[in-house]
Amino acid sequence: MTGWTTDRMPDQRGRVAVVTGANSGLGLVTATELARHGAHVVLAVRNTAAGREAARRMGGDTEVRELDLARLDSVRAFAAKLTADHPTIDLLVNNAGVVLLGPRRTSADGFELQFATNMLGPYALTGLLLDALAGARAGRVVSLSSLTHRNARLDFGDLMSERGYRGSAAYGRSKLATTVFGVELDRRLRAAGSPVVSALAHPGLTRSNLTPRAWEHRGRLGRLIGRLGLLATQPVEQGVLPQLRAATDPDVRGGQFFGPSRLFETWGPVTEARLSRQAVDPAVGARLWAAAGELTGVRYL
């Protein structure tokens, strides 16, 4: 089915939806549409002041909670407080991400920052919320991938990109890891007989706040490059549709991957997208799952 739009979103009343990075970009539009269709939306954000302003503007039934995916103590605290207040969670959209094309940076836990934010944090958060998701009538997890995952390769001897660091390559590896996680999560949920669905999406080339931020390290030239890059992208309202379909279409099956349909999946109406060979390799999935469990201390399924 192509031509999917928010007009096809079913009523979300009675659902509790958690959206990470919900105060800007794709996350903001995702949260806004879920709230507009009646969901109780939890905006999981690092900057709670920005989150409160976003919630005020979008209206609907929302709440704002602090979450820094690059800090495992923050992930654990967020999950513990959230599940105490919401024992049942219907939807988790692992939307938040970071693109850093400058020098290598590390998280508070000592991990390469893109890998920590884009994969390890969502892996841990999903595991800590899984019981609450399993208690829902139709629990669902959506992982946000990227076109860059197709040109990346995971090096299990250097997951933290300590050798010959290049920001763009490290970003691609982090998004491949995110994609492998979403596919492996589906594989393990099915094996466990869980009712929770794991689906994936990517936005193609979309006009989000990540594009200019990626070039901030280059100063004035970087700002110019970022602005020029925005000219080649589709509006965020279009780019968000794959993840909204993955999150709300009642016909979505576990493991499905959605993206734009035109010009090598860079823009256009929503369709099923293509996963890379490594993304769907069960051996890669099992190995990454074991590594994530070891690195985060969160083990499940």
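Residues numbered from 1 in each chain as written. Predicted model: local features only at pLDDT ≥ 70, side-chain atom pairs only at ≥ 80, totals over all residues. Heavy atoms only, no water.

### Observations concerning the overall build of the protein
Within the protein, the secondary structure is distributed over 10 helices and 8 strands. For 301 residues, the compact-globule formula gives about 19 Å, and the C-alpha radius of gyration of the protein, at 18 Å, lands near that figure. Contacts in the protein between residues far apart in sequence, at least 24 positions, make up 71% of those at least 6 positions apart. With an accessible surface of roughly 13000 Å², the protein has 50% of that area assigned to carbon and sulfur atoms. Considering the protein, the positive charge centre built from 38 side chains and the negative charge centre built from 27 side chains are found 6 Å apart. (Helix = DSSP H or I, 4+ residues; strand = E, 2+ residues; numbered from the N terminus. Rg over C-alpha atoms; globule rule 2.2 N^0.38 Å. Contact = heavy atoms within 4.5 Å. Areas by Shrake-Rupley, 256 points an atom, 1.4 Å probe, with all protein chains shown as cover. Lys, Arg positive; Asp, Glu negative; His and termini not counted. Charge placed at Lys NZ, Arg CZ, Asp CG, Glu CD.)

### Considering the side chain of Asp-90
Relative to the helices and strands, Asp-90 resides in the loop between helix H3 (72-85) and strand E4 (91-94). In this structure, Asp-90 is buried with no salt-bridge partner, the nearest side chain bearing the opposite charge being Arg-15 at 4.6 Å. Setting aside residues no more than four positions away along its own chain, Asp-90 makes contact with Gly-14, Arg-15, Val-16, Leu-133, Ala-136, Ala-138, Gly-139 and Arg-140. (Buried < 20%, exposed > 50% of the residue type's maximum accessible area, 1.4 Å probe, protein only. Salt bridge = Lys/Arg side-chain N within 4 Å of Asp/Glu carboxyl O.)

### Some details on unusual backbone geometry
Non-glycine residue Phe-264 carries a positive phi angle of around 60°. Mapped onto the elements of the fold, Phe-264 is located in the loop between strand E7 (257-262) and strand E8 (267-272). What makes Phe-264 exposed here is its relative accessible area of 74%.

### So, the nonpolar core
One recurring pattern in soluble globular proteins is that nonpolar side chains are buried together. Among the nonpolar cores identified, the biggest contains 46 residues, and Met-119 and Tyr-123 are the most heavily contacted of them. When contributions to this core are tallied by element, the ones reaching two or more residues are strand E1 (16-20), strand E2 (40-45), H3, helix H4 (113-134), helix H5 (167-191) and helix H10 (282-296). Element by element, the count of residues in this core is highest for H4, at 11 residues. Apart from residues no more than four positions distant in its own chain, Met-119 is found in contact with Gln-114, Ser-174, Ala-177, Thr-178, Phe-181, Leu-288 and Ala-292. Judged by nonpolar contacts, the second largest core, of 34 residues, contains Ala-39, Val-93, Ala-199 and Val-270. (Core = buried A, V, L, I, M, F, W, Y, C linked by side-chain atoms within 4.5 Å.)

### Quick word on the sheet that holds E8
Pairing is mixed in the open sheet, where 8 strands are placed in the order E3-E2-E1-E4-E5-E6-E7-E8. Taken across any chain shown, the strands that pair with only one partner, and hence form the sheet edges, are strand E3 (61-66) and E8. Ignoring which end each strand starts from, the neighbouring axes of this sheet average 20° apart. The pairing of strand E5 (residues 140-144) with strand E6 (residues 197-201) spans 5 bridges and is classified as parallel. Pairing of Ser-143 across the sheet is with Leu-200, part of E6. In this fold helix H2 (residues 48-58) packs onto E2 and E3, with an angle of close to 175° to the strand it touches most, E3. Relative to E4, H4 is tilted by about 175°, and along the sheet it contacts E1, E4 and E5. (Pairing = 2+ DSSP bridges. Axes fitted to C-alpha atoms, helices over the stretch in contact; angles between N-to-C directions.)

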